[in-house]
Amino acid sequence: MSLMDKIKEKAKSVQKNIVLPEGSEPRTIEAAAKIAEQGIAHVILLGDEKEIEAANTKKVDLSGATIINPATSPKLDEYANMFYEMRKSKGITPEQAKETCKDTLYYAVMMIKNNDADGMVSGAIHSTGDTLRPALQVIKTKPGVPIVSSCFIMEHPDTKWGQDGVMVFADCAVNIDPTAEELAAIAIASADSAKALAGIDDPKIAMLSFSTKNSAKHEKVDKVVEATRLAKEMAPELNIDGELQADAALIEAVGQLKSPGSKVAGHANVLIFPDIQAGNIGYKLVQRLGGADAIGPVCQGLARPVNDLSRGCSVEDIVSVVAMTAVQAQSF
Ligand SMILES: CC(C)(COP(=O)(O)OP(=O)(O)OC[C@H]1O[C@@H](n2cnc3c(N)ncnc32)[C@H](O)[C@@H]1OP(=O)(O)O)[C@@H](O)C(=O)NCCC(=O)NCCS
Ligand SMILES: CC(=O)OP(=O)(O)O
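The name that an unreviewed UniProt entry assigns to the protein is Phosphate acetyltransferase, with the source organism given as Christensenella hongkongensis. According to the UniProt record, the Catalytic activity (unreviewed entry) comment for the protein is "acetyl-CoA + phosphate = acetyl phosphate + CoA". Check the Sequence similarities (unreviewed entry) section of the UniProt entry for the protein; it says "Belongs to the phosphate acetyltransferase and butyryltransferase family."

In structure tokens form, the structure reads like this:
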């Protein structure tokens, strides 16, 4: 059974309420029908009922999903008051709070905040910034977690990579140029995601760079070296090595040549990229040229599960991220 099949089975057994703010987006509509039909979660589509109907060009059966129009919802005033109380110190007025909560992305995070939904998936038409900003403002970070970051669960058809083809890549979507401290936090959060979501029993975390063990000297390398030191200090029980080039992280012979004796080099199953440029390009290359499934971006460190999509996602990608979100919701 593939990892995604296992995640879908788990999602079916927990039956969570997952809100999809892009209710009038055709792939989202198709995914909602599949999720309902397969019993993966109870889905809530947000948007104007007529617009949703018009966007349902394949005429899929949406009877298993709930449709809510934020602009006419009886909950709008309650959410607007909550939002105003939360954000008034930022200078927002009650009128602005009401307008903001009519936006499906804000309405969705208010549903989660008010325990009317267990998680949210969006991003088939919105950028990552627009998708995550409402969650960062309303849901916020889990206590004790310094930053929200993201990871992709990569499932490659060649089982020689990672654990049976499954690897975790981070941060490919949220933090643009993390500091050494932030990179260390991303590594530790990704180890947790590897165990909890990707089923990786023994995370081997490679802190990636264009240098392996001092083969190049540059401040960008220094950042990865410092992040590795901090991550090891913060989580001495984890197998972390860096700085490593991608070939040293993945290929045994190269790993042992460039970083002899390392437990991670040649066996990495969690790849931590030095910044979002490397991470975002890296995951898309492995997905598009390498033929891997890329599930995510899955957020790490938010107080409740909110997950993003790539605008290039397929219907099946949306189904997978909803299943992953339902599984995450189980532990909140
Ligand atoms: C995620 C992102 C949108 C946040 O940036 P932003 O909207 O400019 O955020 P701001 O700095 O105005 O912060 C907004 C709120 O989010 C919080 N926040 C921002 N980044 C955060 C993080 N990584 N972790 C936790 N909180 C964060 C801020 O503290 C702030 O909270 P407040 O309003 O309650 O004070 C930004 O980091 C971004 O654009 N990342 C890249 C996204 C992207 O383009 N990805 C590529 C494709 S996947
Ligand atoms: C994750 C990501 O890269 O999203 P998008 O393709 O929508 O920019």
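Student: Mind showing me how you'd approach the sheet that holds strand β5 (residues 149–155) here?
Tutor: Each strand in a sheet pairs with its neighbour through backbone hydrogen bonds, running either in the same direction (parallel) or in the opposite one (antiparallel). As summarised here, the arrangement of the 6 strands in space is β8-β7-β9-β6-β5-β10, forming an open sheet in which the pairing is mixed. Every interior strand has two partners, whereas the edge strands, β8 (239–244) and β10 (293–300), have only one. The average undirected angle you get between the axes of adjacent strands in this sheet is 20°. Inspection of the sheet shows β5 paired to β10 by 6 bridges, in the antiparallel sense. Opposite Cys-151, over in β10, you have Val-298 as the bridge partner. Against the sheet, helix α8 (residues 180–196) makes contact with β5, β6 (166–170), β7 (204–208), β9 (270–272) and β10, and its axis sits at roughly 160° relative to β9, the strand it touches most.

Student: How should the pattern of salt bridges be read in this particular structure?
Tutor: The final tally for this structure, using the stated rule, is 17 salt bridges. Notably, a salt bridge pairs Glu-99 with Lys-102, separated by 3.0 Å at the nearest N-O pair. Separated by 3 residues within a single helix, Glu-99 and Lys-102 lie in helix α5 (residues 94–102), roughly one turn from each other. Three or more residues are tied together by salt bridges with common partners; here these are Lys-75, Glu-78 and Asp-116.

Student: Explain the site of ligand 2 to me, please; I cannot follow it from the model alone.
Tutor: Taken together, the residues surrounding ligand 2 are Thr-128, Phe-152, Asn-280, Tyr-283, Lys-284, Pro-297, Leu-309, Ser-310 and Arg-311. Within the side chain of Asn-280, a nitrogen or oxygen atom sits 3.0 Å from an oxygen atom of ligand 2. In this structure, an oxygen atom belonging to ligand 2 sits 2.7 Å away from a side-chain N or O atom of Ser-310. Surface burial for ligand 2 is 87%, taken as the share of its 260 Å² of free accessible area covered by protein chains. Ranked by the residues each element gives to the shell around ligand 2, the list is headed by helix α12 (residues 276–288), at 3 residues. Class assignment for the residues of the shell around ligand 2 results in 4 nonpolar, 3 polar and 2 charged.

Student: Looking at this structure, I do not really get the packing of aromatic side chains. What am I missing?
Tutor: Geometrically, a pair of aromatic rings is defined through the distance of the ring centres and the angle of the planes. Applying the stated criterion to the full structure yields 4 aromatic pairs. Pairing Phe-152 with Tyr-283 gives two aromatic rings, centres 3.7 Å apart and planes at 15°, and the pair type is stacked. In this pair, Phe-152 is assigned in strand β5 and Tyr-283 in helix α12, connecting sequence segments 131 residues apart. Across the pair, exposure class does not vary: Phe-152 and Tyr-283 are buried alike.

Thresholds, definitions, all that
Residues numbered from 1 in each chain as written. Chains lettered and ligands numbered in written order. Predicted model: local features only at pLDDT ≥ 70, side-chain atom pairs only at ≥ 80, totals over all residues. Heavy atoms only, no water. UniProt positions renumbered as here; feature names shortened; annotations may be inferred. Pairing = 2+ DSSP bridges. Helix = DSSP H or I, 4+ residues; strand = E, 2+ residues; numbered from the N terminus. Axes fitted to C-alpha atoms, helices over the stretch in contact; angles between N-to-C directions. Contact = heavy atoms within 4.5 Å. Salt bridge = Lys/Arg side-chain N within 4 Å of Asp/Glu carboxyl O. Near = heavy atom within 4 Å. Polar contact = N/O pair within 3.5 Å; in protein donor to acceptor, adjacent residues only side chain to side chain. Areas by Shrake-Rupley, 256 points an atom, 1.4 Å probe, with all protein chains shown as cover. Nonpolar A, V, L, I, M, F, W, Y, C, P; charged D, E, K, R; others polar. Phe/Tyr/Trp six-rings, centres within 6.5 Å; stacked < 30°, edge-to-face > 60°. Buried < 20%, exposed > 50% of the residue type's maximum accessible area, 1.4 Å probe, protein only.

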